[in-house]
Amino acid sequence: MTAPLVGIVMGSRSDWATMKRAAEILDKLGVPHEAKVVSAHRTPQRLVEYATSATARGFKVIIAGAGGAAHLPGMVASMTRLPVLGVPVQSRALSGLDSLLSIVQMPGGVPVGTLAIGEAGAVNAGLLAAQILGLSDPALAERIEAWRAEQTAQVDEAPE
Ligand SMILES: Nc1c(C(=O)O)ncn1[C@@H]1O[C@H](COP(=O)(O)O)[C@@H](O)[C@H]1O
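Because the structure is predicted, anything quoted here is derived from the model rather than measured. (Residues numbered from 1 in each chain as written. Predicted model: local features only at pLDDT ≥ 70, side-chain atom pairs only at ≥ 80, totals over all residues.)

> I'm lost on unusual backbone geometry in this one. Help?
A negative phi angle is the norm for most residues apart from glycine, just as the trans form is the norm for most peptide bonds. Here the phi dihedral of serine 95 falls at roughly 60°; this positive angle occurs in a residue that is not glycine. Following the sequence through the fold, serine 95 ends up in the loop between β4 (84-89) and α4 (97-104). Overall, serine 95 belongs to the exposed group, with 12 C-beta atoms counted inside 10 Å. (Helix = DSSP H or I, 4+ residues; strand = E, 2+ residues; numbered from the N terminus. Buried ≥ 20, exposed ≤ 12 C-beta atoms within 10 Å, placed from the backbone.)

Have a look at this one:
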């Protein structure tokens with residue numbers, strides 16, 4: 001089995017419906033990845049182990065999704081130099097605005113590349129991770145170009 005290059009983490013199993021969109025696009029582009037539930041709040045030790053071992057395990061990019069008081073992406077970013085892409089999961093109480101603000105408003109010095117709220121954000125996190133890896137993988141870069149061309153071909157000019 002190929003070693004995963006992208007690590008997908010999420011605060012709860014309830015986030016998987018959103019975060020699986022990132023996994024699906026990575027599958028489509030042939031990027032090996034691994035998904036795990038890791039919570040800064042509920043499994044702090046698992047978080048420390050995950051983030052501090054991510055580089056040694058061969059990951060190149062981490063995608064972290066969480067909802068509400070979404071501390072997970074920032075905490076992962078604080079413990080690794082790998083690029084961290086944050087996905088704000090749509091929360092019930094505040095529709096994901098809480099998640100978005102928790103993830104995007106990082107203090108200077110610890111970046112999290114923050115995507116849009118919900119499934120579109122998860123898809124784009126997967127694409128962005130692939131694009132980062134595509135910088136040093138010409139075959140992957142070609143697959144991304146082909147995926148883009150297919151997307152373009154599916155957009156009809158006629159409104160109906
Ligand atoms: N934001 C976080 C973190 C974290 O940031 O570490 N851990 C869990 N959660 C979030 O709590 C929400 C509700 O979780 P439950 O559905 O399990 O109650 C989820 O969206 C999860 O990401």
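Let us keep going from here.
> What is the right way to read the environment of leucine 5 from this model?
Here leucine 5 is to be found in the segment before β1 (6-10). Along the primary structure leucine 5 and glutamate 24 are separated by 19 residues, whereas in three dimensions their C-alpha atoms are 15 Å apart. Beyond its immediate stretch of four places on either side in the chain, leucine 5 contacts Val31, Pro32, His33, Gly58, Phe59, Lys60 and Leu133. (Contact = placed C-beta atoms within 7 Å.)

> Got a minute to help me understand the nonpolar core in this structure?
Across soluble globular proteins, nonpolar side chains have a tendency to be buried as a group. Within the largest apolar cluster, 41 residues are counted, with the highest numbers of intra-cluster contacts made by Val9, Ile63, Leu72, Val76 and Ala129. If you list the elements that add at least two residues to this core, you get β1, α1 (16-28), α2 (44-53), β3 (61-67), α3 (72-78), β4, α4 and α5 (119-134). Ranked by the residues each element gives to this core, the list is headed by α5, at six residues. Sequence-distant contacts of alanine 129, that is, excluding residues within four places in its chain, are made with Val6, Leu26, Val61, Ile63 and Leu85. (Core = buried A, V, L, I, M, F, W, Y, C linked by C-beta atoms within 7 Å.)

> I would appreciate a short explanation of α1 in the present structure.
Each full turn of the α-helix corresponds to 3.6 residues, which orients residues three or four apart in the same direction. With 13 residues, α1 extends 18 Å from end C-alpha to end C-alpha; this agrees with the ideal 18 Å at 1.5 Å per step. For α1, the complete set of buried residues consists of Thr18, Met19, Arg21, Ala22, Ile25 and Leu26. All buried residues of α1 lie within an arc of 130° about the axis, which places them on one face of the element. Elements that come into contact with the buried residues of α1 comprise β1, β2 (33-37), β3, β4 and α5. Looking one or two places after α1, you find glycine 30, whose phi comes out positive at around 70°. (Expected span 1.5 Å × (residues − 1). Arc of directions from axis to C-beta.)

> Just to check I follow, could you spell out the UniProt feature "domain: PurE" (unreviewed entry) in the chain for this structure?
Here, the residues flagged by UniProt with the feature "domain: PurE" (unreviewed entry) are residues 4-155. With 46% helix and 16% strand, residues 4-155 has end C-alpha atoms that lie 32 Å from one another. (UniProt positions renumbered as here; feature names shortened; annotations may be inferred.)

> How do you make sense of the UniProt feature "binding site: substrate" (unreviewed entry) in the chain when you look at a structure like this?
With numbering aligned to this structure, UniProt lists the feature "binding site: substrate" (unreviewed entry) at Ser12, Asp15 and Arg42. The greatest C-alpha distance among the residues just named is 14.3 Å, despite their covering 31 residues of sequence, which places them together in space. Within the fold, serine 12 resides in the loop between β1 and α1. Of the residues examined, serine 12 has 17 C-beta atoms within 10 Å and is grouped as partly exposed. Once residues within four sequence positions are removed from consideration, serine 12 is found in contact with Val37 and Ser39. Within the element layout of this structure, arginine 42 appears in the loop between β2 and α2.

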